[in-house]
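# Structural description and commentary
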Amino acid sequence: MCGIVGYVGKKNNCTNFLLEGLKKLEYRGYDSAGIAVANDRNLKTVKKKGFLRDLEPLINPERMKGSPGIGHTRWATHGEPSDENAHPHLSCEKRLALVHNGIIENYQELKQELKLKGHHFTSQTDTEVIVHLIEEHYQGDLYDAVKKGVKELRGSFAIAVISADDPDLLVAARYDSPLVVGIGKNEYFIASDIPAILKETRKVIILEDGEIVKAKPDGITITDFDGNLIEKEITEITWDAEAAEKGGYEDFMLKEIHEQPQVILNTMRGRVKEAKIILDEIGLPRELLKRLERMVIVACGTSYYAGLVMRNAVELFAKIPVDVEISSEFRYRPMLIDGRVLVVGITQSGETADTLVSLRQAKRVGFPILAIPNVIGSSAAREADGVLYTHAGPEIGVAATKTMTAQMVAGFLFALYLAGIKKTISDERREKFIKELLKLPRKVEAILDREDEVKQMAKKYKNYNNFLFLGRTYGLPAAYEGALKLKEITYVHAEGYPAGEMKHGPIALIDENVPVVFIATKGEVQDKIISNMEEVKARKGKIIAIATEGDKKVADLADDVIYVPWTFEAYTPLLAVVPLQLFTYYTGKLRGLNVDQPRNLAKSVTVE
Ligand code: M6R
């Protein structure tokens, strides 16, 4: 997501701090950057699409001298990467400047209201409404205006605001998006992430949801959104800069695994309202969706497995047939699909060459294209007729973890949305599935609480060189993904296979040296999976099972079991992959490998 920095204090020129702070956030990925400073009762702003190295030459040191100041690196969510959409955003009178991290769900409504009141907008962002909203409330007291403004926002936000009329004040607030205050001597630093301020101070206050900070060179006050004072503790940061980038985790992969509960929320944000799925943002006509007869999903690697999960959900809810194709195969096959078909490309980077070519070919012969990318403004997003962003935030580790989770959530949302349009599911049933979707973040947290058990298991199995991952129906994509993760991060040979196919070949591999991981969660075919487990046991194979909380039957058969909470069968892969990610992570660490950058792999495969 975006990076935020801010400064108020004794320096009469904070531009250097802003730029240095933003540089420390570069590792998160971004598409544009900007800064604003108060100078001589005016605000000076520079912002630019691209990197900090594109912004820096535009900064005239004399003109941009000043304090307080705010800075931002943007990872686009609403509105493509462009100079206009870059932050800071200014109010109509250019007396207020604001940076924001997060997503404002009700920005359309607010924008309409503010336009009627005469506000003029210059960007396509959701962020710009916040600065106009604060301007609307502003009567000479910035803190008061922010306090009133934030109460009208729905969604997630960390904001920092300065005013040309109050050159000694910085106001910041947070809701569902991180923000910290660094404490210096007669100076204060604001940042979305600790690395940005570590060079200046190690004393920080971590803001909680619903808190506003009013910072002046001579002190800060922190209140809730009603203005009640809050006493906060000062935390002394002991991490080094590298650990701070990883939020205190040893590796990005682990950090990203732990981000998944929040990612699920972010992908659902603004899209689930009163037990309905609202996805009109994707830009495909409802009439087209209503008449849809079939879907073809194209993707590679982990995204392909997320495609299998999406297929199962669409077939279950919207009741149309779905094919899932590996892009590098699809592109060379004759395009024989026919009828009212939607072609969907799932690609976190939005730049995978084979997926892009597959989408282009399908588009050329006239099929509507939906892209499900994570990166805003990526090629897939630009070329598709409709876009459903996953909003997982930048993924730094080469292994796809949180982006797959976000892709699965996007797939569930689309399936339920389509089912609503096609009326293939009763309101009551849809409501049940939506309610369960909302419980998934908590259920993933419960699995992450078991991290230590998985770590112990990795210790036990770390020296095995061959694994089988087996699942059936809804559980199968999780088996495929478990095998892929283990291969790419630990270089251990692992195969994902439909459990029912075991007898047709892979069973020959089974002996005490080949652990078999079963996705054995509760569901329609669980009895069949249990029979497959018996078959493995009879051949002295070692069994690791992913089972539903409290399932004794599976636990009795398995050598090791990891429990996941119950959920509807269609959602089980989302829970089942989490312990498998952890298992891979710890196996890789125990084997002394670089889990963030495995050999021979690139984060985005832009060549054939
Ligand atoms: O950017 P994409 O989602 O299109 O990437 C697809 C695959 O390259 C990617 O999922 C790859 O398999 C990862 N290494 C999985 O961890």
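Owing to the predicted nature of the structure, the values given are computational and were not obtained by experimental measurement.

Position of threonine 584 relative to the elements: it lies in helix α20 (residues 572-590). Once residues within four sequence positions are removed from consideration, threonine 584 is found in contact with Met253, Gly482, Lys485, Leu486, Ile489 and Thr490.

The next point concerns the pattern of salt bridges. A complete count under the given rule lists 39 salt bridges for this structure. Residues glutamate 259 and lysine 255 are paired through a salt bridge, measuring 3.0 Å at the closest nitrogen-oxygen approach. Of the charged contacts in the structure, one is a salt bridge between arginine 286 and aspartate 280, with a shortest N-O distance of 3.2 Å. Judged by relative accessible area, arginine 286 falls into the partly exposed class, the value being 45%. Here the salt bridges share partners, and the residues they tie into one network are Lys11, Glu187 and Glu200.

The pairing of strands in a sheet comes from backbone hydrogen bonds and takes either a parallel or an antiparallel form. Pairing within the open sheet is parallel, and its five strands lie in the order β18-β17-β19-β20-β21. Here the strands that pair on one side only, and so sit at the sheet edges, are β18 (322-326) and β21 (386-387). Relative to β21, strand β20 (residues 369-373) is paired through two bridges, and the arrangement is parallel. By the bridge assignment for β21, alanine 371 is matched with valine 387. Against the sheet, helix α10 (residues 301-317) engages β17 (294-299), β18, β19 (341-347) and β20, with an angle of about 175° to β18. Relative to the sheet, helix α12 (residues 353-364) contacts β17, β19 and β20, its axis offset from that of β19 by approximately 165°.

What follows is about the packing of aromatic side chains. All told, the structure shown has 18 aromatic pairs when counted by the stated rule. Both rings, one in tyrosine 304 and one in tyrosine 305, keep their centres 5.7 Å apart while their planes meet at 65°; by these two values the pair is edge-to-face. Under the relative-accessibility criterion, tyrosine 304 is labelled buried at 16%. For tyrosine 305, a relative accessible area of 15% translates into the label buried. For the pair phenylalanine 433 and phenylalanine 568, a centre-to-centre distance of 4.2 Å together with 35° between the ring planes defines the contact as tilted. In this pair, phenylalanine 433 is assigned in helix α15 (residues 427-448) and phenylalanine 568 in the loop between β26 (560-564) and α20, connecting sequence segments 135 residues apart. We note that phenylalanine 433, like phenylalanine 568, is buried. By the ring-pair criterion, three or more aromatic residues cluster together here, those being Phe317, Phe412, Phe433, Trp566, Phe568 and Tyr571.

Moving on to the nonpolar core. Core analysis: the biggest nonpolar cluster contains 94 residues, and Met295, Phe414, Phe467 and Tyr571 have the highest contact counts within it. Top contributing element to this core by residue count: helix α14 (residues 402-422), with 13 residues. Here this core gathers at least three residues from each of two domains, domain 2 (250-438) and domain 3 (451-608). Phenylalanine 414 has contacts with Leu279, Ile282, Leu289, Met295, Met310, Leu342, Leu370 and Leu388, leaving out every residue within four places of it along the chain. By size, the runner-up hydrophobic cluster in this structure holds 27 residues, among which are Phe17, Tyr30, Leu55 and Val180.

Once that is clear, we can look at the pairing of strand β12 (residues 211-216). Relative to β12, strand β8 (residues 170-175) is paired through five bridges, and the arrangement is antiparallel. Directly across from alanine 173, in β12, lies its bridge partner isoleucine 212. Alignment of β12 against strand β13 (residues 219-224), held across six bridges, turns out to be antiparallel. In the sheet register, valine 213 faces β13, and the bridge partner there is isoleucine 222. Linking two consecutive strands that pair antiparallel, namely β12 and β13, is a turn of two residues.

What follows is about the packing of helix α8 (residues 260-268) against α15. How two helices sit against one another is set out by the angle between their axes and by the gap between those axes. The N-to-C vectors of α8 and α15 enclose an angle of 170°; their axes lie 8 Å apart at closest approach. On the basis of the axis angle, α8 is roughly antiparallel to α15. Contacts between α8 and α15 involve Gln260, Pro261, Ile264, Leu265 and Met268 on the former and, on the latter, Leu437, Leu438, Leu440, Pro441, Val444, Glu445 and Leu448.

What follows is about the site of the ligand. Residues in contact with the ligand amount to 13 residues; listed here are only the nearest, Ser303, Thr347, Ser349, Thr352 and Glu488. Serine 303 places a side-chain nitrogen or oxygen 2.5 Å from an oxygen atom of the ligand. The separation between an oxygen atom of the ligand and a polar side-chain atom of glutamate 488 is 2.4 Å. Coverage of the ligand by the protein chains reaches 92% of its 410 Å² of free accessible surface. Looking at the shell around the ligand, the elements that each hand over two or more residues are α10 and α17 (476-490).

Reading across from one edge, β23-β22-β24-β25-β26 is the order of the five strands in this open sheet, with parallel pairing throughout. Both edges of this open sheet fall to β23 (493-498) and β26, since each of them pairs with a single strand only. Taking the axes of each pair of neighbouring strands and ignoring which way they run, one obtains an average angle of 20° across the sheet. In this sheet, strand β25 (residues 543-548) lies alongside strand β24 (residues 516-519) in parallel orientation, the contact comprising four bridges. In the sheet register, valine 517 faces β25, and the bridge partner there is isoleucine 544.

Okay, the packing of α14 against α20 next. Close contact between α14 and α20 brings their axes to 10 Å; oriented N to C, the two are set at 175°. The orientation of α14 relative to α20 falls into the category roughly antiparallel. On α20, the residues that touch Met404, Thr405, Met408, Val409 and Phe412 of α14 are Pro573, Leu574, Val577 and Gln581. Grouping the amino acids of the contact of α14 with α20 by side-chain chemistry returns seven nonpolar, two polar and no charged.

This next bit is on the domain arrangement of the protein. Domain parsing of the protein yields domain 1 (3-245), domain 2 (250-438) and domain 3 (451-608). A C-alpha centroid distance of 24 Å is found between domain 2 and domain 3. Taken together, the contact between domain 2 and domain 3 spans 43 residues of the former and 37 residues of the latter. When the two sides are added together, the surface that domain 2 and domain 3 hide from each other amounts to roughly 3200 Å², 63% of it contributed by carbon and sulfur. Of all residues in domain 2, Met253, Tyr305 and Val398 bury the most surface against domain 3, accounting for 20% of the area lost on that side. For the pair domain 2 and domain 3, the number of links is two salt bridges. Here glutamate 250 makes a salt bridge to lysine 589, at a shortest N to O gap of 3.1 Å. For the pair domain 2 and domain 3, the interface holds 13 residue pairs in polar contact (both at pLDDT 80 or more). The set of elements that each furnish at least two residues to the side of domain 2 that touches domain 3 consists of α7 (252-258), α8, α10, α12, α14 and α15.

Scoring rules and cut-offs
- Residues numbered from 1 in each chain as written.
- Predicted model: local features only at pLDDT ≥ 70, side-chain atom pairs only at ≥ 80, totals over all residues.
- Heavy atoms only, no water.
- Helix = DSSP H or I, 4+ residues; strand = E, 2+ residues; numbered from the N terminus.
- Contact = heavy atoms within 4.5 Å.
- Salt bridge = Lys/Arg side-chain N within 4 Å of Asp/Glu carboxyl O.
- Buried < 20%, exposed > 50% of the residue type's maximum accessible area, 1.4 Å probe, protein only.
- Pairing = 2+ DSSP bridges.
- Axes fitted to C-alpha atoms, helices over the stretch in contact; angles between N-to-C directions.
- Phe/Tyr/Trp six-rings, centres within 6.5 Å; stacked < 30°, edge-to-face > 60°.
- Core = buried A, V, L, I, M, F, W, Y, C linked by side-chain atoms within 4.5 Å.
- Domains from an automatic or database assignment.
- Parallel < 35°, antiparallel > 145°, perpendicular 65-115°, else oblique.
- Near = heavy atom within 4 Å.
- Polar contact = N/O pair within 3.5 Å; in protein donor to acceptor, adjacent residues only side chain to side chain.
- Areas by Shrake-Rupley, 256 points an atom, 1.4 Å probe, with all protein chains shown as cover.
- Nonpolar A, V, L, I, M, F, W, Y, C, P; charged D, E, K, R; others polar.
- Buried area = accessible area lost by both parts, 1.4 Å probe.

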